[in-house]
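A structural walkthrough
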Amino acid sequence: MPELPEVEVVRRGLQSWVSGRTIADVQVLHPRAIRRHLPGAQDFAARLTGRTVGDACRRGKYLWLPLADTDTSILGHLGMSGQLLVQPQDADDEKHLRIRIRFADPLGTELRFVDQRTFGGLSLHENAPDGLPDVLSHIARDPLDPLFDDATFHTALRARRTTVKRALLDQSLISGVGNIYADEALWRARLHYERPTTTLTRPRSVELLRHVREVMTAALAVGGTTFDSLYVNVNGESGYFDRSLDAYGREDEPCRRCGTAMRRRPWMNRSSYFCPRCQRAPRPVA
Ligand SMILES: [Zn+2]
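Here the structure is a predicted model, which is why all the values come from computation and not from measurement.

1. Focus: the nonpolar core
Judged by nonpolar contacts, the single largest core of 27 residues is most densely connected at Leu14, Ile23, Leu48, Ile74, Leu84, Ile101 and Leu111. Of all elements in the fold, only α1 (4–17), β1 (23–28), α2 (41–48), β3 (62–66), β5 (82–88), β6 (97–103), β7 (109–115) and β8 (121–126) reach the threshold of two or more residues within this core. Residues contacting leucine 14, with those up to four places away along its chain left out, are Ser19, Ala56, Leu63, Leu65, Leu84 and Leu111.

Now the structure itself:
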């Protein structure tokens with residue numbers, strides 16, 4: 001799954017290459033990619049045609065394009081393998097091209113949704129009064145959002161009575177943190193993933209947030225340098241940031257802080273990577 005920095009890179013690409021353009025026509029090449037839009041492909045195409053795309057928006061891992069002069073937005077679901085590509089109109093179709101959006105201008109490029117496994121797709125939604133697509137109303141602000149409130153987060157964290165990694169992945173508490181960046185931030189904060197949130201003091205949760213932000217900002221800086229072309233791309237977990245990871249994927253490799261072999265444990269159908277020395281397991285509750 002792409003995480004916040006990857007999605008932000010895509011958002012910036014859409015802002016540069018798609019925002020402000022008027023849609024000329026829409027081709028849905030695979031019905032599965034449009035299944036979240038319940039009225040179907042024809043309705044989707046009809047409601048987009050002639051509309052101008054507004055500023056590309058993101059909350060957490062969710063990405064949307066508001067349609068100007070309407071109260072609707074196109075929501076992009078990247079799923080496991082979804083890509084939004086801006087391609088020259090005369091470029092060959094990708095093997096897994098699912099949706100094509102052409103524009104009514106002479107720029108010569110089009111927006112393509114390509115998805116090998118078609119877990120992702122596009123859908124059209126009404127906006128809530130705050131401008132957010134209605135289906136995102138339960139998604140909390142993400143830690144890079146200027147309006148994210150650290151004090152509220154800390155209070156909610158303590159009240160949730162869960163463990164710290166579960167809390168970081170809870171999109172109703174804090175959005176945009178996935179498995180990779182949770183492990184990275186916990187390693188930096190020297191916190192074990194099963195640490196109960198009720199034991200986190202306010203300075204500890206503020207420190208954890210700082211590490212979450214630093215990890216994401218560093219990833220964005222790397223992604224931003226490779227993203228200076230027409231090609232808007234997001235491709236799951238692999239990609240820009242592998243080389244700079246300190247915890248995720250480093251089983252049996254030495255901790256970059258203390259040299260102890262890093263460990264991997266199964267965790268909620270995924271894995272948690274941690275240093276057994278820097279990130280001590282919480283004492284079992286008697
Ligand atoms: Zn260590």
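2. Looking at helix α5 (residues 179–189)
Within α5, ten of the eleven residues are buried, which leaves it mostly tucked inside the rest of the structure. Within the sequence span of α5, burial applies to Asn179, Ile180, Tyr181, Ala182, Asp183, Glu184, Ala185, Leu186, Trp187 and Ala189. Looking one or two residues past α5, arginine 190 carries a phi angle of roughly 55 degrees, positive in sign.

3. Observations regarding the pairing of β8
Of all six residues making up β8, five are buried, and the element is well covered by its neighbours. Sheet topology places strand β4 (residues 72–77) next to β8; six bridges connect them, and they run antiparallel. Counted as the bridge partner of leucine 75 is serine 123 from β8.

4. Structural notes on the coordination of the zinc ion
Every protein donor of the zinc ion is accounted for by Cys255 (SG), Cys258 (SG), Cys275 (SG) and Cys278 (SG), and the metal-donor separations fall at 2.2 to 2.4 Å. Within one chain, the residues serving as donors to the zinc ion are arranged as C-x2-C-x16-C-x2-C. Considered together, cysteine 275 and cysteine 278 belong to a single accessibility category, that of buried residues.

5. Points about the side chain of serine 271
Tracing the backbone shows serine 271 in strand β10 (residues 270–274). Polar side-chain contacts of serine 271 include one of 3.2 Å to the side chain of arginine 264. Setting aside its immediate chain neighbours within four residues, serine 271 contacts Lys165, Asn179, Asp183, Arg264, Arg265 and Pro266.

6. Section: the pattern of salt bridges
All chains considered together, the criterion is met by 24 salt bridges. Of the charged contacts, one joins glutamate 110 and arginine 102 as a salt bridge, the two residues approaching to 3.5 Å between their closest N and O atoms. The class of glutamate 110 is buried, set by a relative accessible area of 1%. Here the residues in one salt-bridge network are Asp25, Asp93, Glu94, Arg100, Arg102, Glu110 and Arg112, joined through shared partners.

7. Describing the sheet that holds β7
Across the sheet, four strands lie side by side as β1-β6-β7-β5; this open sheet has antiparallel pairing. Looking at strand neighbours, the two that pair on one side only are β1 and β5, the edges of this open sheet. Neighbouring strand axes in the sheet, compared pairwise and without regard to direction, differ in orientation by 20 degrees on average. Bridge analysis of β6 against β7 gives four bridges, and the strand direction is antiparallel. Within β7, the residue paired with isoleucine 101 across the bridge is leucine 111.

8. Re the environment of serine 205
Residue position: serine 205 is located in helix α6 (residues 202–226). In this structure serine 205 touches His154 and Leu157, once residues within four positions along its chain are discounted.

9. Here we look at the packing of aromatic side chains
In total, this model carries three aromatic pairs according to the counting rule given. Ring geometry for tyrosine 248 against tyrosine 273: centres 5.1 Å apart, planes inclined by 65 degrees, an arrangement best described as edge-to-face. One end of the pair, tyrosine 248, is in the loop between α6 and β9 (263–267); the other, tyrosine 273, is in strand β10, with 25 residues separating them in the sequence. We note that tyrosine 248, like tyrosine 273, is buried. The cationic tip of lysine 165 hangs over the ring face of tryptophan 267; the distance from NZ or CZ to the ring centre is 4.4 Å. Its end group placed over the ring of tryptophan 187, arginine 257 keeps NZ or CZ at 4.0 Å from the ring centre.

10. Things to note about the sheet that holds strand β2 (residues 57–59)
Across the sheet, four strands lie side by side as β2-β3-β4-β8; this open sheet has antiparallel pairing. A single partner strand is all that each edge strand has here, and the edge strands are β2 and β8. Averaged over all pairs of adjacent strands, the angle between strand axes in this sheet comes to 30 degrees, irrespective of strand direction. Lying over the sheet, α2 contacts β4 and β8, oriented at roughly 65 degrees with respect to β8.

11. A short note on the domain arrangement of the protein
As far as domains go, the protein holds domain 1 (4–136) and domain 2 (150–274). Each of domain 1 and domain 2 has a C-alpha centre, and the two are 28 Å apart.

Calculation criteria
- Residues numbered from 1 in each chain as written.
- Predicted model: local features only at pLDDT ≥ 70, side-chain atom pairs only at ≥ 80, totals over all residues.
- Heavy atoms only, no water.
- Core = buried A, V, L, I, M, F, W, Y, C linked by side-chain atoms within 4.5 Å.
- Buried < 20%, exposed > 50% of the residue type's maximum accessible area, 1.4 Å probe, protein only.
- Helix = DSSP H or I, 4+ residues; strand = E, 2+ residues; numbered from the N terminus.
- Contact = heavy atoms within 4.5 Å.
- Pairing = 2+ DSSP bridges.
- Donors = N, O, S within 2.8 Å, 3.2 Å for Na, K, Ca; no water.
- Polar contact = N/O pair within 3.5 Å; in protein donor to acceptor, adjacent residues only side chain to side chain.
- Salt bridge = Lys/Arg side-chain N within 4 Å of Asp/Glu carboxyl O.
- Axes fitted to C-alpha atoms, helices over the stretch in contact; angles between N-to-C directions.
- Phe/Tyr/Trp six-rings, centres within 6.5 Å; stacked < 30°, edge-to-face > 60°.
- Lys NZ or Arg CZ within 6 Å of the ring centre and 35° of its normal.
- Domains from an automatic or database assignment.

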